[in-house]
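Structural overview for review
Listed below are the residues making up each chain.
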Amino acid sequence: ALGLVYQTIIPLAQGADQYALSAYSQAIALDSVNPALRVSLGGIYYSLKNYEDAVKVFELAVAAKPDFANARYNLAIALREKGDIQRAAQELSAALGLIGKDTPGYEQARNELEALEKIVKEKTATQAAQDKERATTQTPLQAPPSPAPAKTPLVLPPDAAPPATESAETTVLPTSTPTATP
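Scope of this entry: the structure provided in the associated data block. What you are looking at is a predicted structure, and each value in this text was computed from that prediction instead of being measured.

Conventions and cut-offs
- Residues numbered from 1 in each chain as written.
- Predicted model: local features only at pLDDT ≥ 70, side-chain atom pairs only at ≥ 80, totals over all residues.
- Heavy atoms only, no water.
- Helix = DSSP H or I, 4+ residues; strand = E, 2+ residues; numbered from the N terminus.
- Contact = heavy atoms within 4.5 Å.
- Areas by Shrake-Rupley, 256 points an atom, 1.4 Å probe, with all protein chains shown as cover.
- Salt bridge = Lys/Arg side-chain N within 4 Å of Asp/Glu carboxyl O.
- Buried < 20%, exposed > 50% of the residue type's maximum accessible area, 1.4 Å probe, protein only.
- Polar contact = N/O pair within 3.5 Å; in protein donor to acceptor, adjacent residues only side chain to side chain.
- Expected span 1.5 Å × (residues − 1).
- Axes fitted to C-alpha atoms, helices over the stretch in contact; angles between N-to-C directions.
- Parallel < 35°, antiparallel > 145°, perpendicular 65-115°, else oblique.
- Left-handed = near helix turned anticlockwise from the far one by under 90°.
- Nonpolar A, V, L, I, M, F, W, Y, C, P; charged D, E, K, R; others polar.

What follows covers the overall build of the protein chain. Summing up its helical and strand segments, the protein chain has 7 helices and 0 strands in all. Traced from its N-terminal end to its C-terminal end, the protein chain shows the element sequence α-α-α-α-α-α-α. Of the contacts made within the protein chain by residues no fewer than 6 positions apart, 39% connect residues no fewer than 24 positions apart. With an accessible surface of roughly 12900 Å², the protein chain has 57% of that area assigned to carbon and sulfur atoms.

The following block contains the structure:
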């Protein structure tokens, strides 16, 4: 109840969103299998446009009760806002499968599903066209070129050697750089 009170006053009181999140988190800790609490918590994240956390919380609500249509519907809407259109369509389809055609909101959800499926179909067609374009314009695989042999060998002075180390902590560096003579 406290979470709902804070949720209601979010537009009116600064910091009410954090109190609401805290109240719902505490309620979930006390009643961890109640998916309605998770749907309420996810709703707050959604209203704050924190779609990533909203999706995570709605997924937990679905895991707690897979046949809870409202949890699946909310998950679908959060996924849509996050940009995961294909998965949103899958969740919305699952939600519609759990309710009857005479359920309030069924037609709205069905229309949303049709819109998501249209977007998925367009993206799939666009992706297929891009894949086809890439396949026809790509160059065949070729081995990297072999390095050209050196025309003039590099001759190092006889005293040239890598620096020696005295211990693991101290490295002795040369004071001058050896020069190569062609």
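To continue, consider the pattern of salt bridges. Evaluated as defined, the whole model comprises 8 salt bridges. Its salt-bridge partner being Lys82, residue Glu52 comes within 3.5 Å of it at the nearest N-O pair. A residue pair is termed long-range when its members are at least 10 positions apart, and Glu52 in helix α4 (residues 51-64) and Lys82 in helix α5 (residues 69-82) qualify at 30 residues. Since its relative accessible area comes to 39%, Glu52 is described here as partly exposed. Residue class for Lys82 comes out partly exposed when judged on its relative accessible area of 39%. Close ionic contact of Glu114 with Arg110 constitutes a salt bridge, the shortest N to O distance being 2.6 Å. Here Glu114 pairs with Arg110, and both are found in helix α7 (residues 106-137), just 4 residues apart, close to one helical turn. According to the relative accessible area criterion, Glu114 is partly exposed, its value standing at 41%. Looking at Arg110, the relative accessible area reads 29%, which means it is partly exposed. A cluster of three or more residues bridged by salt bridges with shared partners is formed by Arg80, Glu81 and Glu112.

What follows covers the side chain of Glu91. Mapped onto the elements of the fold, Glu91 is located in helix α6 (residues 85-98). For Glu91, a relative accessible area of 12% gives the class buried. A distance of 2.7 Å separates polar atoms of two side chains, one belonging to Glu91 and the other to Arg72. Ignoring sequence-local partners within four residues, the contact set of Glu91 consists of Arg72, Leu75, Ala76 and Leu79.

Taking 1.5 Å of rise per residue, the 14 residues of α4 would be expected to cover 20 Å, and the 20 Å separating its terminal C-alpha atoms lies within 8% of that figure. Buried residues of α4: Tyr51, Ala54, Val55, Val57, Phe58, Ala61 and Val62, and no others. Against α3 (35-47) and α5 lie the buried residues of α4.

With that settled, consider the packing of α5 against α6. In the contact formed by α5 and α6, the axes pass within 8 Å of each other and the chain directions differ by 160 degrees. Considering the angle they form, α5 stands roughly antiparallel to α6. Classified by chirality, the crossing of α6 by α5 is left-handed. In this structure, α5 uses Ala69, Arg72, Tyr73, Leu75, Ala76, Leu79 and Arg80 to contact α6, whose residues at the interface are Ile85, Arg87, Ala88, Glu91, Leu92, Ala94, Ala95 and Leu98. Considered class by class, the residues forming the contact of α5 with α6 number 11 nonpolar, no polar and 4 charged.

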